[in-house]
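Each chain is listed here by its residues.
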Amino acid sequence: QVQLVESGGGLVQPGESLTLSCKASGFAFSLSAMSWYRQAPGKERELVAIISIGGYTNYADSVKGRFTISRDNAKNTMYLQMNSLKPEDTAVYYCVRGGRQPNYWGQGTQVSVSS
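Residues numbered from 1 in each chain as written. Predicted model: local features only at pLDDT ≥ 70, side-chain atom pairs only at ≥ 80, totals over all residues. Heavy atoms only, no water.

Could you give an account of the side chain of serine 35, naming the residues involved and the relevant values?
If you trace the backbone, serine 35 turns up in strand 4 (residues 34-39). Within the structure, the side chain of serine 35 is placed 2.7 Å from the backbone oxygen of glycine 98, a separation counted as a polar contact. If we skip the residues at most four places from it in the chain, serine 35 touches Leu47, Ala49, Ile50, Ile69, Met78, Tyr94, Cys95, Val96, Gly98 and Gly99. (Helix = DSSP H or I, 4+ residues; strand = E, 2+ residues; numbered from the N terminus. Polar contact = N/O pair within 3.5 Å; in protein donor to acceptor, adjacent residues only side chain to side chain. Contact = heavy atoms within 4.5 Å.)

Run through the state of the cysteines, naming residues and quoting values.
Linking two cysteines covalently via their sulfur atoms produces the bond known as a disulfide. Evaluated as defined, the whole model comprises one disulfide. Covalent S-S linkage joins cysteine 22 and cysteine 95, the inter-sulfur distance amounting to 1.8 Å. Measuring handedness by torsion sign, the sulfur bridge of cysteine 22 and cysteine 95 sits at about -65° and is left-handed. Here cysteine 22 is found in strand 3 (residues 18-25), whereas its partner cysteine 95 is found in strand 9 (residues 91-97), with 73 residues between them in sequence. Given a relative accessible area of 0%, cysteine 95 falls into the buried group. (Disulfide = S-S within 2.5 Å. Buried < 20%, exposed > 50% of the residue type's maximum accessible area, 1.4 Å probe, protein only.)

So what about the pattern of salt bridges? Which residues, and what values?
All told, the structure shown has four salt bridges when counted by the stated rule. A salt bridge links arginine 38 to glutamate 46; its shortest N-O distance comes to 2.8 Å. Taking relative accessible area as the criterion, arginine 38 reaches 6% and is therefore assigned buried. Judged by relative accessible area, which is 28%, glutamate 46 ranks as partly exposed. When the shortest N-O distance is used, the salt bridge between lysine 64 and aspartate 61 registers 3.0 Å. Residue class for aspartate 61 comes out exposed when judged on its relative accessible area of 65%. Connected through shared salt-bridge partners, Arg38, Glu46, Arg66 and Asp89 make up one network. (Salt bridge = Lys/Arg side-chain N within 4 Å of Asp/Glu carboxyl O.)

Could you give an account of the nonpolar core, with specific residues and numbers?
Judged by nonpolar contacts, the single largest core of 27 residues is most densely connected at Trp36, Met78, Leu80, Met82 and Tyr93. No other element matches the four residues that strand 3 contributes to this core. Excluding residues within four positions of it along the chain, methionine 82 makes contact with Glu16, Ser17, Leu18, Leu20, Arg66, Phe67, Tyr93 and Val111. Counting residues in hydrophobic clusters, the runner-up holds five residues, among them Tyr37, Leu47, Ile50 and Val96. (Core = buried A, V, L, I, M, F, W, Y, C linked by side-chain atoms within 4.5 Å.)

Before we move on, could you go through the sheet that holds strand 8 (residues 77-82) and cite the residues and values that matter?
If you trace the four strands from one edge of the open sheet to the other, you get 1-3-8-7, paired in antiparallel fashion. Each end of this open sheet is capped by a strand with a single partner; those strands are strand 1 (3-7) and strand 7 (67-72). Pairwise comparison of adjacent strand axes, ignoring direction, gives a mean angle of 15° for this sheet. Bridge count for strand 7 against strand 8 is six bridges, and the pairing is antiparallel. The residue bridging aspartate 72 from the neighbouring strand is threonine 77, located in strand 8. (Pairing = 2+ DSSP bridges. Axes fitted to C-alpha atoms, helices over the stretch in contact; angles between N-to-C directions.)

Taken by themselves, the reported measurements are silent on function.
Structure below.
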């Protein structure tokens, strides 16, 4: 019954911004830590950012200062604001329930950064 549906991916040029959304349902969103992971072609899945129940955040070094994770518990939605995008950010981005101990994954949304 748990569902995590990502949206907002697309193709952008380097330096541009994009915001991903994750609509959650089927569980107590407000009582769950959430995170974003990504997987680039040929690479391992990487933890991008975590947001705790209380709204505390942690980021991968590669995105610190550029990405912002947030959540709106009233809307059961998590966001990832991505600024100053680089080609290296190209990946499928996954909405995940849990943080460093993920337990449910969305289907992913493609983010492509290319000139």
